[in-house]
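Structural description and commentary
Below are the chains, spelled out letter by letter.
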Amino acid sequence: MMINSADSTLSGALAEATERALVEAELRLPPDVLAVLRRAAATERNEIARQEFTNILENVELARERRVPICQDTGVPVVYITLPPDVPFSASLFTGVREGVHRATAAIPLRPNVVDPLTRENTGDNTGVGVPVVHVAPGDRFTVTVLPKGAGSENVSRIGMLLPSQAAEVPKFVVETVLLAGGRPCPPVILGVGIGGTFDAAAALAKEALLLPVDTMDRDEQEICDAVNALGIGPMGLGGDTTALAVKVKRADCHTASLPVAVNVQCWACRRATVEVRW
């Protein structure tokens, strides 16, 4: 009985935190994302692109003021939990997250985006088989981070199994991904790049990279970002200096015979929020 009570308390606390995080992510952009948007707007030389930045920033402000989603595609929630040693790993974690997504979908409200992959039957509340995707990792604090991911950018994401001899071609693969995407992911984009691991691990790394602060880049990330911006695709694909706001890279060791590379494309609305769970 005590175990059930503890599980219920844990699930309820996580549901509340997940709902809060998803509401925050859908209605407000993180400060680092706003900072790179404003920086790009201030340096953009193309007149049409400058107007697009004006529209984007006005959209962000109106969403905040009116407490409505930043984008009509409210995405599917990808959830990251950090778990300290004193919090048990149990099914309650997944139950709580699911309930939080269900509540947020009704409260905001969110567009119900989750469907059966073949019949396309809509579940109605952004939960379903395998959704929301939940990643759990050890940490010092009990937190939940929600990353709503829209389909326009997700659909142009890409993974490649390069050969070890092609390490120097990783930047080319990233740039080529953006070139093939064109204006479809609503640029300017933010690119999460996963290098190494296995086929599935590289994709997970690429998405996790989108959780990193985007207002700073290391030398390699900056070089890739500059190469992407040289494409001239620009905001909304209408031309301009800024096609990518940032490139963030996460790496893992891999098999000696392989070099997995994944690019998770994110539109300018890199929505994410973290809430500490109190239970």
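Placed above this text is the structure.
The structure contained in this document is the topic of the report that follows. For clarity, every value in this text was computed on a predicted model and none was experimentally measured. (Residues numbered from 1 in each chain as written. Predicted model: local features only at pLDDT ≥ 70, side-chain atom pairs only at ≥ 80, totals over all residues. Heavy atoms only, no water.)

The subject of this paragraph is the overall build of the protein chain. For the protein chain, the count of helices and strands is eight helices and eight strands. On C-alpha atoms alone, the protein chain measures out to a radius of gyration of 19 Å, which is about the 19 Å that the 2.2 N^0.38 rule sets for 279 residues. Seen along its three principal axes, the alpha-carbon backbone of the protein chain occupies a region of about 65 × 50 × 40 Å. Buried residues in the protein chain amount to 48% of all 279 residues. Of all intrachain contacts in the protein chain linking residues separated by at least 6 positions in sequence, the fraction that spans at least 24 positions is 83%. Entry remark: accessible area of the protein chain is about 13500 Å², with carbon and sulfur atoms responsible for 55%. Counting 26 positive and 33 negative side-chain charges, the protein chain places the centres of these two groups 3 Å from one another. (Helix = DSSP H or I, 4+ residues; strand = E, 2+ residues; numbered from the N terminus. Rg over C-alpha atoms; globule rule 2.2 N^0.38 Å. Buried < 20%, exposed > 50% of the residue type's maximum accessible area, 1.4 Å probe, protein only. Contact = heavy atoms within 4.5 Å. Areas by Shrake-Rupley, 256 points an atom, 1.4 Å probe, with all protein chains shown as cover. Lys, Arg positive; Asp, Glu negative; His and termini not counted. Charge placed at Lys NZ, Arg CZ, Asp CG, Glu CD.)

What follows covers the sheet that holds strand β3 (residues 143–149). Taken in spatial order, the four strands line up as β2-β1-β3-β8 in an open sheet, and their pairing is mixed. Looking at the sheet topology across the chains shown, the edges are occupied by β2 (133–138) and β8 (273–276). Taking each pair of neighbouring strands and ignoring which way they run, the sheet shows an average axis angle of 20 degrees. One ladder, built from four bridges, connects β3 with β8; its direction is antiparallel. Paired with Thr143 across the bridge in β8 is Glu276. The strands touched by helix α4 (residues 91–107) within the sheet are β1 (76–83) and β2, with β1 carrying the most contacts at an inclination of about 140 degrees. (Pairing = 2+ DSSP bridges. Axes fitted to C-alpha atoms, helices over the stretch in contact; angles between N-to-C directions.)

A complete count under the given rule lists one aromatic pair for this structure. When the centroid spacing of 6.1 Å and the interplanar angle of 85 degrees are considered together, the rings of Phe89 and Phe94 count as edge-to-face. Residue classification places Phe94 among the partly exposed positions, given a relative accessible area of 36%. One cation-aromatic arrangement involves Arg158 over Phe173; the distance from NZ or CZ to the ring centre is 4.1 Å. (Phe/Tyr/Trp six-rings, centres within 6.5 Å; stacked < 30°, edge-to-face > 60°. Lys NZ or Arg CZ within 6 Å of the ring centre and 35° of its normal.)

Here we come to the side chain of Asp32. Relative to the elements of secondary structure, Asp32 occurs in helix α2 (residues 31–43). Those residues in contact with Asp32 that lie beyond four places of it in its chain are Leu212, Pro213, Val214, Asp215 and Arg272.

On to the sheet that holds strand β5 (residues 189–197). Read from one edge of the open sheet, four strands run β4-β7-β5-β6, paired in mixed fashion. Each end of this open sheet is capped by a strand with a single partner; those strands are β4 (158–162) and β6 (244–254). Sheet twist, expressed as the average angle between the axes of neighbouring strands with direction ignored, equals 15 degrees. Relative to strand β7 (residues 259–266), β5 runs antiparallel, the two being bridged by six bridges. In the strand pairing of β7, Ile195 is matched with Val261.

Structural remark: α-helix, 3.6 residues per turn; residues separated by three or four positions point the same way. With twelve residues, helix α6 (residues 170–181) extends 17 Å from end C-alpha to end C-alpha; this agrees with the ideal 16 Å at 1.5 Å per step. Taken together, the buried positions of α6 are occupied by Val170, Phe173, Val174, Val175, Thr177, Val178 and Ala181. Those residues of α6 hidden inside the fold are in contact with β4, β5, α8 (219–229) and β7. Residue Gly182 follows α6 closely and has a positive phi angle near 60 degrees. (Expected span 1.5 Å × (residues − 1).)

Moving on, we get to unusual backbone geometry. Along the chain, Ile108 connects to Pro109 via a cis peptide bond; the corresponding omega equals -10 degrees. The residue after Pro187, namely Pro188, is reached through a cis peptide bond having omega 15 degrees. Along the polypeptide, Pro188 turns up in the loop between α6 and β5. One non-glycine residue, Met236, adopts positive backbone phi at about 60 degrees. Along the chain, the position of Met236 falls in the loop between α8 and β6.

Next up on the list: the nonpolar core. Ranked by internal contacts, the top residues of the largest apolar core, which has 24 residues, are Leu14, Ile81, Phe142 and Val144. Put simply, the parts of the chain that give this core at least two residues each are α1 (2–27), β1, α4 and β3. Among the elements that line this core, the one with the most residues is α1, at eight residues. Aside from chain neighbours lying at most four places away, what touches Ile81 is Leu14, Leu93, Val97, Val134, His135, Val136, Ala137, Phe142, Thr143 and Val144. (Core = buried A, V, L, I, M, F, W, Y, C linked by side-chain atoms within 4.5 Å.)

Any link to function would need more than the numbers given here.
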